[in-house]
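Residue-level listing of the chains:
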Amino acid sequence: MEGVVAVAVHTEGLNGLPQECKQTEDLTNGRSKCTTILNGLNPGNGIKENGNINGIPYLRTVPISALKQNGLLQSLAAGGNQTKTEEVSSEVERAQEEWDALESIQPVLAEDLTPSPLISFNEALQHFQTTDLGDLLKNIQPTIRRSGFAAITHFLFGPPRLHKALVEERDLVFAIAQCSLDNGQSVHMRVLQTIYRKLTCTRADCPRYGPHWENVGFQGSDPATDLRGTGFLGLMHTLYFVMDPEILPLARDIYKLSQHPVQNFPFSVMSINMTRIALHALREEVLSKECNRRQQVVAVLNDFYVAMFLHLYQLWKSQQKTISDSGHVLKEVELLAKKNPKQILKRLEGYLKERRAGTGHRTSPDMLSHSNPSPGDSGSRAGSQGGKEGKEINFTGVCELPPEMEGEARLI
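A brief structural summary. (Residues numbered from 1 in each chain as written. Predicted model: local features only at pLDDT ≥ 70, side-chain atom pairs only at ≥ 80, totals over all residues. Heavy atoms only, no water.)

A separate point is the overall build of the protein chain. A count of helical and extended segments in the protein chain gives 17 helices and five strands. Counting over 412 residues, the protein chain shows a buried share of 41%. Taking as baseline every contact in the protein chain between residues at least 6 positions apart, the subset at least 24 positions apart corresponds to 70%. Split by element, the accessible area of the protein chain, about 22900 Å² in all, is 53% carbon and sulfur. (Helix = DSSP H or I, 4+ residues; strand = E, 2+ residues; numbered from the N terminus. Buried < 20%, exposed > 50% of the residue type's maximum accessible area, 1.4 Å probe, protein only. Contact = heavy atoms within 4.5 Å. Areas by Shrake-Rupley, 256 points an atom, 1.4 Å probe, with all protein chains shown as cover.)

Within the largest apolar cluster, 79 residues are counted, with the highest numbers of intra-cluster contacts made by Met236 and Phe241. Broken down by element, the residue count for this core peaks at 14 residues, all from helix α13 (residues 298–318). Setting aside its immediate chain neighbours within four residues, Met236 contacts Phe121, Ala124, Leu125, Phe128 and Ile176. (Core = buried A, V, L, I, M, F, W, Y, C linked by side-chain atoms within 4.5 Å.)

Mapped onto the secondary structure, Asn264 falls in the loop between α10 (248–258) and α11 (267–283). With a relative accessible area of 31%, Asn264 lands in the partly exposed category. In the structure, Asn264 is positioned 52 residues away from Trp316 in sequence and 9.7 Å away in space, judged by C-alpha atoms. Setting aside anything within four residues of it in sequence, one finds Asn264 in contact with Leu257, Ser258, Gln259, Trp316 and Ile323. Within the structure, the side chain of Asn264 is placed 3.1 Å from the backbone oxygen of His260, a separation counted as a polar contact. (Polar contact = N/O pair within 3.5 Å; in protein donor to acceptor, adjacent residues only side chain to side chain.)

A few words on the packing of aromatic side chains. Inspection of every chain in the model, using the stated rule, returns ten aromatic pairs. Consider the rings of Tyr255 and Phe267, whose centres lie 5.7 Å apart with planes at 90 degrees: the pair is edge-to-face. Of the two residues, Tyr255 is situated in helix α10 and Phe267 in helix α11; the sequence distance between them amounts to twelve residues. Under the relative-accessibility criterion, Tyr255 is labelled buried at 13%. When the centroid spacing of 5.6 Å and the interplanar angle of 25 degrees are considered together, the rings of Phe267 and Phe309 count as stacked. Of this pair, Phe267 sits in helix α11 while Phe309 sits in helix α13, and the two are 42 residues apart along the sequence. For the pair shown, Phe267 and Phe309 are each scored as buried. The positively charged end of Arg208 is found above the aromatic ring belonging to Tyr209, 4.4 Å away from the centroid. (Phe/Tyr/Trp six-rings, centres within 6.5 Å; stacked < 30°, edge-to-face > 60°. Lys NZ or Arg CZ within 6 Å of the ring centre and 35° of its normal.)

Here you go:
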């Protein structure tokens, strides 16, 4: 059978331009030949010395600058795919339009967002006073259980019993110490945000979880994990520390020391340890005499917490303690606090008196820690948290701390 079969093969030519090779085979004689066609033209036919193909110029010398201007160089680099270049160009144009539009958008600063309102200690305390804590009441153990000779000795020579009128307020303290941090409670979240904002002097709220909590002395991204042993009372004491205008400067001094490059320590964890010691002192009834005298429990416990923190601050700063000394320092603070709570409370009164007189910032920690205020200066600070008002509310719950946490003077 006679005839010619033509097969077209396209290959990449010079500078990415396609060149076409036509292969024809004569079926009668078995011979084949290949003819290369450049841009649809046969270069073998009609090529003259001046570089023309059939009188049409097929190659000219063009400056590089001209190639850049008309986009031919980009087309060559893309393999001659003009359609792809056009698509990329349209995407670039759209991106440029979106970028230009961003210039007219005013960014919203975090400080401009409406933060949650700060919460006072009184408001947070009232929340717990009006919350049903009946389930926790079943597990209450507000005092140490003694038997035999220890019970007789404590009855004859131990501290006085707490007045009956103060029992419900004392039980409320232990109830708060068993409440965990609840993300669904707006009061809980406001307490957490207030502590962070007052310590860091920021106006905006921070995320519930994140490494920023380590900046205020928690051990991880969730403060709730550090509240074992003290429950929400650990946050309540810190809230009192930062929201009382008279002792806020002390709180910030301690916080500043906790950020020291050498003498640093986790502020919030140390605060929780102060709360733990205060709870043990209340359970062991070493604060009963002071509570009876002032007819308050919450206010006395708050001042006792601050007084211990002040003592720890003085020891830590004057003796240049580091985190490796934390266990020994906590043990020393706990022994002094339980042995002589009146003395440690007087030191706090002397410190605040000197600050009110404008000399507190010039008093060295050593001088203040060894000062002995006169009996006339021992008037108690009436707490602003409304302890007497608390007695008028029927508190309904309290429970016990985990027994394994008792007696441990260490960072939690």
